Amino acid sequence: MSFYMIAGVSSAFALAGILLLYSAWSRRGAEPMRRWSGWGAMALSAFGWSSIVGVEYGISIATLIVMLGVFALLALKGDWPSGPRPIEKQRSGTPETQALLPLWLRGFLRFMAAFLLPAASGLIAGLLFFGFTGFSETVRLVGGAFLSVIIWTLAMVWCCADKKLLRPSAAMLAFSVVSGLLLTFALPASAA
């Protein structure tokens, strides 16, 4: 099989896994077969990409496809798990734009929390655990990139799926601050 065929099939497996998991989670009843099929399709996607570009790049590419696919699905559906509450009719006579302002603010904060905090947490974790170690440059580069992408993806999914935005935001902010403090104290020790 050619590179493009394997890449296309692997990407299709990732997107099929997203759709299977989304349909299983959006239904009320237990859907264990659909859930396991979704996770299996994502694993096949990572395996397919790994077979043509190597394990270190294959898992990262499959993870990025899943991340972009989830954002595209949520953007197209417009159905975020903890979406805004429906606007009730205003009895006090306030204009509708004032009622929409908190909804826009909440959507903006959710976007910033789902985009910036996971990226910062992933990058800081990659630097912390692989940037200043005694490993070879290749191991540090691949390990740091791999850990950053995994933490970034998991944190982004947590931000998008949790109904209370404060939980993942506070956890990632605390993780980033503690990791940053550890990096601050690790840099002078490694430079000496």
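Residues numbered from 1 in each chain as written. Predicted model: local features only at pLDDT ≥ 70, side-chain atom pairs only at ≥ 80, totals over all residues. Heavy atoms only, no water.

Trainee: Explain the overall build of the protein chain here, please?
Mentor: When helices and strands are tallied, the protein chain shows six helices and zero strands. What you see in the protein chain, going N to C, is helices and strands ordered as α-α-α-α-α-α. Out of the 192 residues in the protein chain, the part that is buried amounts to 30%. Put simply, of all contacts in the protein chain between residues at least 6 apart along the chain, 66% involve residues at least 24 apart. Surface accessibility of the protein chain: about 12600 Å² in total, with carbon and sulfur atoms responsible for 73%. (Helix = DSSP H or I, 4+ residues; strand = E, 2+ residues; numbered from the N terminus. Buried < 20%, exposed > 50% of the residue type's maximum accessible area, 1.4 Å probe, protein only. Contact = heavy atoms within 4.5 Å. Areas by Shrake-Rupley, 256 points an atom, 1.4 Å probe, with all protein chains shown as cover.)

Trainee: I'm lost on the side chain of Ser10 in this one. Help?
Mentor: Tracing the chain through its elements places Ser10 in helix α1 (residues 3-26). Sequence-distant contacts of Ser10, defined by excluding residues within four places in its chain, comprise Ser45, Gly48 and Trp49.

Trainee: Sorry, what's going on with helix α2 (residues 32-53) here?
Mentor: The periodicity of an α-helix, 3.6 residues per turn, causes residues three or four places apart in sequence to face the same way. The end-to-end C-alpha distance of α2, which contains 22 residues, comes to 32 Å, matching closely the 32 Å that a straight helix rising 1.5 Å per residue would cover. Lining the buried residues of α2 we find α1 and α3 (55-77). (Expected span 1.5 Å × (residues − 1).)

Trainee: Teacher, can you tell me more about the packing of aromatic side chains here?
Mentor: For any pair of aromatic rings, the description consists of the separation of the ring centres together with the inter-plane angle of the planes. For the structure on display, the rule yields one aromatic pair. Aromatic side chains Phe3 and Tyr4 sit 5.4 Å apart centroid to centroid with 85° between the ring planes, which places their arrangement in the edge-to-face category. Classification of Phe3 by relative accessible area gives partly exposed; the value is 40%. Of the residues examined, Tyr4 reaches a relative accessible area of 68% and is grouped as exposed. (Phe/Tyr/Trp six-rings, centres within 6.5 Å; stacked < 30°, edge-to-face > 60°.)

Trainee: What exactly am I supposed to notice about the packing of α2 against α3 here?
Mentor: Angle between the axes and distance between the axes: these two values describe a pair of packed helices. Two elements in contact, α2 and α3, have axes separated by 7 Å at closest approach and are oriented at 140°. One element, α2, and the other, α3, form an angle in the oblique class. In this structure, α2 meets α3 at a crossing whose hand is right-handed. Residue-level inspection shows Met42, Ser45, Ala46, Trp49, Ser50 and Val53 of α2 in contact with α3, the latter providing Val55, Tyr57, Gly58, Ile59, Ile61, Ala62, Ile65 and Val66. Split into classes, the residues belonging to the contact of α2 with α3 amount to 11 nonpolar, three polar and no charged. (Axes fitted to C-alpha atoms, helices over the stretch in contact; angles between N-to-C directions. Parallel < 35°, antiparallel > 145°, perpendicular 65-115°, else oblique. Left-handed = near helix turned anticlockwise from the far one by under 90°. Nonpolar A, V, L, I, M, F, W, Y, C, P; charged D, E, K, R; others polar.)

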